Amino acid sequence: MLIDETFQPSDIEHLVDVENATASRQIFCDPGIWRMELQRIFTRTWLFVGHASEIPKAGDYVTRLMGNDPVILVRDAGGEIRVLHNSCTHRGSLVCRGTSGNARGFTCPYHGWVFDNSGAIRATAMDDALYKQHTDYHHFDLKRARVGTYGDLIFATWNDDAISLDDYLGDARWYLDIMFHRTPEGMEVLGAPHRWVSTNNWKLGPMNFGADGPHAVKVHGPITDATFAGGNARQMLRDALIESPSVSMGNGHNGIWTQAPEAFPPFLGWEPALIELFQKTLKPEQLQLMQRAVASVSTIFPNFSWVQGPASFEPATKMPTTFLAIRNWQPIAHDRTEIWNWFMVEKEASEAFKEEAKRMGIRTFSAGGTFDQDDAEAWHSIQRGVEGEIGRTLDVSFEMALAYRDRALVDFPGPGTAYPSNYAEVTEFDVLVEWQRYMTCKIDWAR
Ligand code: FES
Ligand SMILES: [Fe+2]
């Protein structure tokens with residue numbers, strides 16, 4: 001049975017069994033649930049839409065998605081960051097067909113209505129006087145989303161009642177600072193996002209990045225052997241994953257910090273000048289977590305994630321370089337996800353480091369990246385396994401969480417709740433627990 005769009009919170013309550021750490025497979029294969037997610041999650045939460053370094057000058061724009069709505073992220077003539085619904089207020093056409101550029105405004109290709117880069121209507125290109133005389137002209141302005149920034153990270157929401165972005169991010173800000181505000185000048189994007197479609201439900205990505213420690217040694221075992229010198233790379237990775245913390249940052253934001261074995265040097269994969277800047281910029285507790293991190297993988301609910309790690313494809317002769325990828329998991333259908341993936345680097349890094357960080361990112365986490373190839377195959381096979389008539393009647397399990405959820409670390413340096421293992425499954429499942437809170441309308445400001 002498909003759940004239709006009229007279903008009530010009580011119809012969905014049972015789909016995530018919080019107590020037993022399981023979830024119905026139906027949440028990955030039901031078009032009605034996907035549609036309801038767009039309404040109950042994607043029109044209500046804050047969504048990541050871009051980084052200030054993508055639109056440095058007045059008029060700079062990039063096109064993005066908020067759920068299934070196309071938007072334009074633009075810096076207007078006055079320098080204000082706007083997120084405009086990319087749909088003409090006349091008959092609905094896209095007003096911007098490009099993916100990036102610089103424009104004083106946008107002219108609709110259908111009948112030629114003109115909007116400036118703040119979204120205000122400038123001309124209807126038909127009988128302008130008629131429109132001005134008979135209507136409130138500015139009700140034709142493009143619909144504007146509410147914009148929030150945390151440093152150079154830009155988020156937007158359609159929800160006027162949503163809590164502030166600061167409150168929404170909450171404890172995650174401490175970790176976002178480690179990733180995006182660790183040098184005085186901050187980060188910049190290394191080019192435009194890569195985009196590709198994976199054949200699976202969108203939630204598999206945020207859960208995996210929220211994060212799934214146990215898959216790494218199995219799915220990414222061969223590439224781990226290829227990118228770390230020595231014959232016991234997999235075993236070392238497995239030990240590191242088992243013994244490293246996973247963190248629930250609150251509000252559905254979750255991730256893991258995989259700590260390097262003692263034999264590894266601190267700050268593996270960075271150039272020395274950057275390490276000095278980290279030491280000047282971050283708090284001692286943040287440095288403590290960062291300096292031994294060989295992988296940091298997290299999700300900001302619902303669909304923004306990052307992955308950072310050191311990589312070398314000639315491990316016998318070349319030291320690794322740390323890459324940082326950020327991504328949105330776009331829910332384009334119940335069984336299709338469009339992955340948007342960017343690379344970021346410290347503005348102060350040398351050109352050589354930037355080039356190598358981008359190269360390592362592209363070779364690992366991108367459309368052709370080794371790790372994404374591994375994951376895409378695994379996630380496609382999950383989609384095939386769960387959506388059959390029998391498959392959808394069963395559950396998926398996160399029951400390792402039962403053994404870990406009461407074992408919060410007491411000496412962890414960061415905020416939120418940390419657990420002692422990347423294998424704990426608590427934080428990965430927490431993405432679904434938050435999903436259920438939105439879907440059952442339990443969050444006051446998101447009703
Ligand atoms: S649809 Fe845009 S001008 Fe008519
Ligand atoms: Fe993976």
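Given the structure is predicted, the values throughout are model-derived calculations rather than measurements. (Residues numbered from 1 in each chain as written. Chains lettered and ligands numbered in written order. Predicted model: local features only at pLDDT ≥ 70, side-chain atom pairs only at ≥ 80, totals over all residues.)

## Quick word on the overall build of the protein
Rule in force here: Numbering of helices and strands starts at the N terminus; helices are DSSP runs of H or I of at least 4 residues and strands are runs of E of at least 2. As defined in this context, the radius of gyration uses C-alpha atoms, and a globule is described by 2.2 Å times the residue total to the power 0.38. Any residue surrounded by 20 or more other C-beta atoms within 10 Å of its C-beta is treated as buried, while 12 or fewer makes it exposed and the intermediate range makes it partly exposed; C-beta atoms here are placed from the backbone.
The helix and strand inventory of the protein stands at 15 helices and 22 strands. Computed over C-alpha atoms, the radius of gyration of the protein comes to 22 Å, within 12% of the 22 Å expected from 2.2 N^0.38 for 447 residues, which places it in the range of a compact globule. For the protein, the spread of C-alpha atoms along the three principal axes comes to 75 × 55 × 35 Å. When each of the 447 residues of the protein is scored for burial, the buried share is 46%.

## Digging into the nonpolar core
Using the following cut-off: A set of buried Ala, Val, Leu, Ile, Met, Phe, Trp, Tyr and Cys residues, joined through C-beta atoms within 7 Å, is what we mean by a nonpolar core. Domain start and end points were adopted from an automatic or database domain assignment.
If you look at the biggest cluster of nonpolar residues, it comprises 109 residues, and the most contacted ones within it are Val49, Met66, Val71, Leu73, Ala325 and Phe343. With seven residues, the top contributor of residues to this core is helix H15 (residues 426-439). Each of two domains, domain 1 (47-167) and domain 2 (184-439), supplies a minimum of three residues to this core.

## Remarks on the domain arrangement of the protein
Where we set the bar: We call two residues in contact whenever the C-beta atoms placed from their backbones are within 7 Å.
Structurally, the protein comprises domain 1 (47-167) and domain 2 (184-439). The C-alpha centroid of domain 2 is placed 32 Å from the C-alpha centroid of domain 1. Listed as interface residues are twelve residues of domain 1 and, on the opposing side, twelve residues of domain 2.

## Topic: the sheet that holds strand S2 (residues 22-24)
Applicable threshold: Strand pairing is assigned whenever DSSP detects at least two bridges linking the two strands.
Taking strand neighbours across the sheet as the criterion, the three strands line up as S1-S2-S21 in an open arrangement whose pairing is antiparallel. Each of the sheet's edge strands pairs with one partner strand only, and the pair in question is strand S1 (16-17) and strand S21 (395-397). In this sheet, S2 lies alongside S1 in antiparallel orientation, the contact comprising two bridges. Within S2, the residue paired with Val16 across the bridge is Ala23.

## Re the pairing of strand S6 (residues 81-85)
Judged by how many residues are buried, S6 sits mostly within the fold: four of five residues are covered. As paired strands, strand S5 (residues 69-75) and S6 are joined by five bridges and run antiparallel to one another. Across the sheet, Arg75 pairs through a bridge with Ile81, a residue of S6. Between S5 and S6, which pair antiparallel and follow one another directly, the connecting turn spans five residues, one of which, Gly79, has a positive phi of 95°.

## Some points on helix H2 (residues 31-42)
Operational definition: Each residue after the first adds 1.5 Å to the expected span of a helix.
With twelve residues, H2 ought to run about 16 Å at 1.5 Å a step, and its terminal C-alpha atoms sit 15 Å apart, in line with that. Among the residues making up H2, those that are buried are Ile33, Trp34, Met36, Glu37, Arg40, Ile41 and Phe42. Where H2 is buried, its residues touch strand S3 (47-51), strand S4 (60-66), strand S19 (321-333) and H15.

## What to know about the environment of Phe106
Within the secondary structure, Phe106 sits in strand S8 (residues 105-107). For Phe106, a count of 25 C-beta atoms within 10 Å puts it in the buried group. Spatially, the C-alpha atoms of Phe106 and Asn117 are 6.9 Å apart, while their sequence positions differ by eleven residues. Residues contacting Phe106, with those up to four places away along its chain left out, are Val95, Cys96 and Phe115.

## Topic: the sheet that holds strand S12 (residues 153-157)
Rules: Lines are fitted to the C-alpha atoms to define the axes, a helix being fitted only along its stretch in contact, and any angle between axes, read from their N-to-C directions, falls within 0 to 180 degrees.
The three strands lie next to each other as S3-S12-S11, forming an open sheet whose pairing is antiparallel. Among the strands making up the open sheet, the edge pair consists of S3 and strand S11 (146-150). When strand polarity is set aside, the average angle formed by the axes of neighbouring strands in this sheet is 30°. Pairing of S11 with S12 involves five bridges; the strand directions are antiparallel.

## Points about unusual backbone geometry
For the bond running from Gly210 to Ala211, omega is 10°, close enough to zero to count as cis. The topology assignment puts Ala211 in the loop between helix H6 (204-208) and helix H7 (215-219). Following Phe301, the chain continues to Pro302 via a peptide bond in cis, the omega torsion being 5°. Along the chain, Pro302 falls in the loop between strand S17 (293-300) and strand S18 (304-311).

## Concerning the environment of Thr321
Its place among the elements puts Thr321 in strand S19. Along the primary structure Thr321 and Glu271 are separated by 50 residues, whereas in three dimensions their C-alpha atoms are 8.3 Å apart. Excluding anything up to four places from it in sequence, Thr321 contacts Gly269, Pro310, Ala311, Ser312, Phe353, Glu356, Ala357 and Met360.

## A look at H15
For H15, spanning 14 residues, the distance from its first C-alpha to its last is 20 Å, which sits close to the expected 20 Å at 1.5 Å a residue. Val426, Thr427, Glu428, Phe429, Asp430, Val431, Leu432, Glu434, Trp435, Tyr438 and Met439 are the residues of H15 that are buried. In the segment just after H15, Cys441 is the residue with positive phi, at about 60°.

## Describing the environment of Pro9
Inspection of the secondary structure puts Pro9 in helix H1 (residues 9-12). The spatial distance from the C-alpha of Pro9 to the C-alpha of Arg437 is 9.5 Å, given a sequence separation of 428 residues. Sequence-distant contacts of Pro9, that is, excluding residues within four places in its chain, are made with Thr440 and Cys441.

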